[in-house]
There are 2 protein chains.
Amino acid sequence: MELEQARDWLRTAVAEARAGRAEGGIPIGAALYGPDGELLGRGRNRRVQDGDPATHAETAAFRDAGRRRSYRGTTMVTTLSPCWYCSGLVRQFGISRVVVGEAGTFSGGHAWLAAHGVEVVLLDDPACGALMREFVAANPGLWNEDIGL
Amino acid sequence: MELEQARDWLRTAVAEARAGRAEGGIPIGAALYGPDGELLGRGRNRRVQDGDPATHAETAAFRDAGRRRSYRGTTMVTTLSPCWYCSGLVRQFGISRVVVGEAGTFSGGHAWLAAHGVEVVLLDDPACGALMREFVAANPGLWNEDIGL
């Protein structure tokens, strides 16, 4: 895909991450786009806001998109490399592509997805990196809780 | 672990699956048990009930257990072999053990989990198998939707 398109879609995920930060939550956001570029769903990590450990940014965006018969041609856009849980979501449902804001602060399953046929677009977005670095420095325990470390 | 213990815990997951079936939902249930055998959370697939594609049985049980600092020593009990999404959940959060009711109607990521250090107890429970066979025969489209096929 065009990098310009990926960066444009990433803005939606970054807006979700920033909204999460403003709520005192973990600043990771995601969005699911359809084959024709339509926004199907968007969301953010809700561990703090809802006391819900099962809602990562990607699962929030997936839920927001509602029930669908197929994910062929869809793109999951996330501010951070997807953890195993969210990588498993992408693989199980046949989401075709993943746009990753950054994988410098945490490297999840994006290489595993690429090895299983998912198109992975790894950006090195400074805003995503800064969001995570600031958050992890200020809340190391909360971050470790969110990824089970 | 003792098979008798695994079969006892499986009853909780089967009760969830049957409750889901009674609601017109996908009959898969799960329960998360703690290191000392305490029930931490339980739940069932909620695609139909809540229009929520992100809540599989295992993620429902995980959510029901609330925020936790560690999953060391915990056991995820599920009526059906966990799909990639739910297998990723187990791996990411370091859940120590998975008890699988049956893997005959669907084989997910339980071997992958075993290869990554998770203790997998694969039962061949007739009730779990019957629940799924009856459901899939009556609702093939709904089942395919739930696993992204």
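What counts, and where the lines are drawn
- Residues numbered from 1 in each chain as written.
- Chains lettered and ligands numbered in written order.
- Predicted model: local features only at pLDDT ≥ 70, side-chain atom pairs only at ≥ 80, totals over all residues.
- Heavy atoms only, no water.
- UniProt positions renumbered as here; feature names shortened; annotations may be inferred.
- Helix = DSSP H or I, 4+ residues; strand = E, 2+ residues; numbered from the N terminus.
- Disulfide = S-S within 2.5 Å.
- Buried < 20%, exposed > 50% of the residue type's maximum accessible area, 1.4 Å probe, protein only.
- Pairing = 2+ DSSP bridges.
- Contact = heavy atoms within 4.5 Å.
- Salt bridge = Lys/Arg side-chain N within 4 Å of Asp/Glu carboxyl O.
- Nonpolar A, V, L, I, M, F, W, Y, C, P; charged D, E, K, R; others polar.
- Least-squares fit on C-alpha atoms with pLDDT ≥ 70 in both.
- Expected span 1.5 Å × (residues − 1).
- pLDDT = per-residue confidence, 0-100.
- Polar contact = N/O pair within 3.5 Å; in protein donor to acceptor, adjacent residues only side chain to side chain.

1. A word on the UniProt feature "domain: CMP/dCMP-type deaminase" (unreviewed entry) in chain A
Consideration 1: Within the UniProt annotation, "domain: CMP/dCMP-type deaminase" (unreviewed entry) is assigned to residues 4-120 of chain A.
Consideration 2: Between the C-alpha atoms that bound residues 4-120 of chain A there is a distance of 15 Å. The span itself is 40% helix and 21% strand.

2. Section: the state of the cysteines
Residues and elements named next belong to chain A.
Consideration 1: In this structure the tally under the stated criterion is zero disulfides over all chains.
Consideration 2: Left unpaired, C128 is separated from the closest cysteine sulfur, that of C86, by 15 Å.
Consideration 3: Given a relative accessible area of 1%, C128 falls into the buried group.

3. Examining the pairing of strand β1 (residues 29-33) of chain B
All names here are of chain B.
Consideration 1: In terms of residue burial, β1 counts as a mostly covered element, since five of its five residues are buried.
Consideration 2: Alternating positions in β1 separate into two faces, G29, A31 and Y33 on one and A30 and L32 on the other, with burial throughout.
Consideration 3: Alignment of β1 against strand β2 (residues 39-44), held across five bridges, turns out to be antiparallel. Of the residues in β2, the one forming a bridge with A31 is R42.
Consideration 4: Taken together, β1 and the strand that follows it, β2, pair antiparallel across an intervening segment of five residues, in which G37 is found at a positive phi of about 85°.
Consideration 5: The pairing of β1 with strand β3 (residues 75-80) spans four bridges and is antiparallel. Bridging across to β3, A31 finds its partner in V77.

4. Section: the interface of chain A and chain B
Consideration 1: Facing 34 residues of chain A, the contacting portion of chain B comprises 34 residues.
Consideration 2: For the pair chain A and chain B, the number of links is four salt bridges.
Consideration 3: Between R63(B) and D52(A) there is a salt bridge, with its nearest N and O atoms 3.0 Å apart.
Consideration 4: Looking at the side of chain A that touches chain B, the elements that each hand over two or more residues are α2 (47-50), α3 (57-64), α4 (84-93) and α7 (140-146) of chain A.
Consideration 5: If one sorts the elements of the side of chain A that touches chain B by residue count, α4(A) sits on top with seven residues.
Consideration 6: Residues of the side of chain A that touches chain B, tallied by class, amount to 15 nonpolar, 10 polar and nine charged.

5. Topic: the relation of the copies chain A and chain B
Consideration 1: For the pair chain A and chain B, the superposition axis carries a translation of 0.0 Å, the fit reaches an RMSD of 0.0 Å, and the rotation angle comes to 180°. Both copies are brought into coincidence by an operation consistent with a two-fold rotation axis. Among all C-alpha atoms of chain A, that of G88(A) lies closest to the rotation axis, at 2.5 Å.
Consideration 2: Of all interface residues in chain A, 100% are interface residues in chain B too; the two copies therefore contact each other through one and the same surface.

6. Concerning helix α1 (residues 3-22) of chain B
Consideration 1: Counted at 1.5 Å a residue, the expected span for α1(B) with its 20 residues is 28 Å, and the 28 Å between its end C-alpha atoms agrees.
Consideration 2: Of the residues trailing α1(B), G24(B) is marked for its positive phi of about 85°.

7. Notes on the confidence of the model for chain A
Consideration 1: Looking at chain A, the pLDDT average stands at 97 and 100% of residues meet or exceed 70.
Consideration 2: For this predicted complex, the interface confidence reaches an ipTM of 0.97, while the overall pTM sits at 0.97.

8. Focus on the environment of E23(B)
Residues and elements named next belong to chain B.
Consideration 1: Mapping E23 onto the fold places it in the loop between α1 and β1.
Consideration 2: Looking at E23, the relative accessible area reads 37%, which means it is partly exposed.
Consideration 3: The sequence separation of E23 and D50 amounts to 27 residues, and the corresponding C-alpha distance is 11 Å.
Consideration 4: Once residues within four sequence positions are removed from consideration, E23 is found in contact with R44 and Q49.
Consideration 5: At 2.5 Å, the side chain of E23 and the side chain of R44 are in polar contact.

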